[in-house]
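Commentary on secondary and tertiary structure
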Amino acid sequence: MDPLFALRDITKSYDDSTVLDIPHLIIQQGGIYGIMGPNGAGKSTLLSILAFLLPPTSGTIYWEGVDVDTRDKHQLRKKVTLIIQNPYLFHTTVEKNVVYGLKVRGITKAKRAAKAQACLTMVGLSGFEKRMAYELSGGETQRVAIARALALDPQVLLLDEPTANVDRHGVEQLEGILRKLNEELQITVIVATHDINQAYRLTNEVIYLFDGKIARSPMENLFKGHIVKKDKDLFLFDTGRIQIALIPERDHVSHIAIPPQDIIVSIEPIATSARNSFVGKISQVTDEGEAVSLLVDIGERLKVRITKRSLQEMRLTLGSPVYVTFKSSSVEAF
Amino acid sequence: MEYLWGGIREAVILIISLDAEVFRTVLLSLRISLIATLFASIVGIPLGFLISTHAFPLKRSVITFFNTLLSLPTVVVGLFLYSLLSKKGPFGPLGLLFTPTAMVIGQFILATPIIVALTISAIQAMDPRAKMTAMTLGAGAVRTALTVLSEARFALTAAVIAGFGRVIAEVGTAMMVGGNIKGYTRIMTTAIALETAKGEFAFALSLGFILLAVAFAINILFHYFQAKRG
């Protein structure tokens, strides 16, 4: 079966700056995808392109195997619904908001009312039909926006930072709703978020964006700097405070990232083939549920993720001196 | 002082007793201004919407032009219209001079720039998400435009009220192209000017009170809708 979306050599530029540059991306039907990245990474731009609201500057998008340039954009837009960050509700009742898209499509009043009720029930807002949109909380607004999108029976739901203005309880509710839509209605869900935990909790696959490009992993331990030494099989990257060895993959490198789970923590220096080993002190310990994240000051503050058991076995506390070791191949350069 | 109090007393009596002459004048005033405002809205709202939502050369100059027209002197509009409608003017044969129609045209010219300028600022102040949301829900260009206008309805109502407020209170145009003919083109403002000159102080004052009341009502409504847009 052809994938739902296939992007080939997609770029989006404004004037001289390129905000998105994606050589290749596949989105399969029926999945839940996360798009992660810091502010300005191009998440919203990618969503707008996937929603057919923004044409790419160059490249080709295939929808179910067919080049979208050969298809009617207006028809395609009906299959994909984007819920923007801080969704806008029209200044009227909840029900009129939900049925807006149906009215546009000329659906009869009776059918509209039935659909509104079904969609509001789906997002847990049954009985809210006659409420005015401006009376709702952030979480309720988000759910009405989802119900409004659902009313159109979309194949794909795109959400831009859906939990940005929602309290903790609302976040759980929303994530439950998105899972339900995916499982029960087989809607493909694509969520842009900068909450790494949400991305892992909710999605089957996470697409990391950094500076408009797809990156291999989430951007943690992100450092800016430049290459100071180029050998055939090894580069040395200088952050201004420390020097880190990495595998040469590209000529020009301005940033590196080191995944916290790829870093080994020990109380003694260890003999390994890993090219990067530093000694430092623990400056912060954060409970992350099953794991614990440590900030180790090695000149730069390095985030490291270990299990609670390791923490107890090594008797690590704030200020403990530790060694951190990671392979040059763990370092992502771009 | 006795002169002033006497005038006020008589004016109140004229209003309370629903004096036919007073009310005929008031109703004619309202009718002419409402019709003029209606036409000005039909032209001004779409025009303001198109100007604010489209990019075209000299857009800023066009907006400045409409803002300048806000302070168009009513007498100048009257003079301009008089020259067009008078017997020797290009539209003389239509016989419109000194008719209510001429007054409606004059007030239309005065009200339209206000409605255009306030519509432009209302649409520019609109949340851009309104348009985007309508589009993502599958609305075409016309439906999207109607939705944006509907979302701006309070600000647009305020624009229409401001237009009406300008024309109900103006005297220059009505006097010059209406001619202040009793029972035909005599409205509140022109009647006040004439009756005061004649020494019919009480009659002028009674119309003055009513005009003030209308102006107050307009201001209250204007601020009500201005506040609601937020």
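Just above sits the structure.
Residues numbered from 1 in each chain as written. Chains lettered and ligands numbered in written order. Predicted model: local features only at pLDDT ≥ 70, side-chain atom pairs only at ≥ 80, totals over all residues. Heavy atoms only, no water.

Now for the overall build of chain A. A tally of regular secondary structure across chain A gives 9 helices and 21 strands. A burial count over chain A gives 51% of its 334 residues as buried. Within chain A, contacts between residues separated by at least 24 positions form 67% of all contacts whose residues are at least 6 apart in sequence. Surface exposure of chain A reaches about 16100 Å², of which carbon and sulfur atoms provide 48%. Here chain A holds 40 positive side-chain charges and 39 negative ones, and the gap between their average locations is 5 Å. (Helix = DSSP H or I, 4+ residues; strand = E, 2+ residues; numbered from the N terminus. Buried < 20%, exposed > 50% of the residue type's maximum accessible area, 1.4 Å probe, protein only. Contact = heavy atoms within 4.5 Å. Areas by Shrake-Rupley, 256 points an atom, 1.4 Å probe, with all protein chains shown as cover. Lys, Arg positive; Asp, Glu negative; His and termini not counted. Charge placed at Lys NZ, Arg CZ, Asp CG, Glu CD.)

Attention now moves to the nonpolar core. Residues and elements named next belong to chain A. Core analysis: the largest hydrophobic core is formed by 60 residues, its most contacted members being Val98, Ile146, Leu150, Leu157, Leu159, Leu178 and Leu181. The biggest single contributor to this core is helix 6 (residues 138–150), with 6 residues. With residues near it in sequence (within four places) discarded, Leu159 still touches Leu47, Ile83, Ile146, Leu178, Val189, Ile190, Val191 and Ala192. Counting 30 residues, the second largest nonpolar core, distinct from the first, contains Leu25, Leu76, Val156 and Ile190. (Core = buried A, V, L, I, M, F, W, Y, C linked by side-chain atoms within 4.5 Å.)

The next point concerns the interface of chain A and chain B. Opposite the 18 residues of chain A that make contact, chain B presents 16 residues. For the chain A and chain B pair, buried surface summed over both sides reaches about 1700 Å², with 61% attributable to carbon and sulfur atoms. When the area that chain A buries against chain B is broken down by residue, the three leading residues are Tyr88(A), His91(A) and Tyr100(A), summing to 35%. Elements supplying a minimum of two residues to the side of chain A that touches chain B: strand 6 (80–83) and helix 4 (100–104) of chain A. If one sorts the elements of the side of chain A that touches chain B by residue count, helix 4 of chain A sits on top with 4 residues. Across the side of chain A that touches chain B, the residue classes break down as 10 nonpolar, 5 polar and 3 charged. (Buried area = accessible area lost by both parts, 1.4 Å probe. Nonpolar A, V, L, I, M, F, W, Y, C, P; charged D, E, K, R; others polar.)

Below, the discussion takes up the side chain of Thr11(A). All names here are of chain A. Tracing the backbone through its elements, the reader meets Thr11 in strand 1 (residues 5–14). Side-chain polar atoms of Thr11 contact the side chain of Ser58, separated by 2.6 Å. Those residues in contact with Thr11 that sit more than four places away from it in its chain are Thr18, Leu20, Asp21, Pro56, Thr57 and Ser58. (Polar contact = N/O pair within 3.5 Å; in protein donor to acceptor, adjacent residues only side chain to side chain.)

The next thing to look at is the environment of Met122(A). Note on placement: Met122(A) falls in helix 5 (residues 109–122). In this view, Met122(A) contacts Leu150(A), Ile177(A), Lys180(A), Leu181(A), Glu184(A) and Leu185(A); residues no more than four positions away in its chain are not counted.

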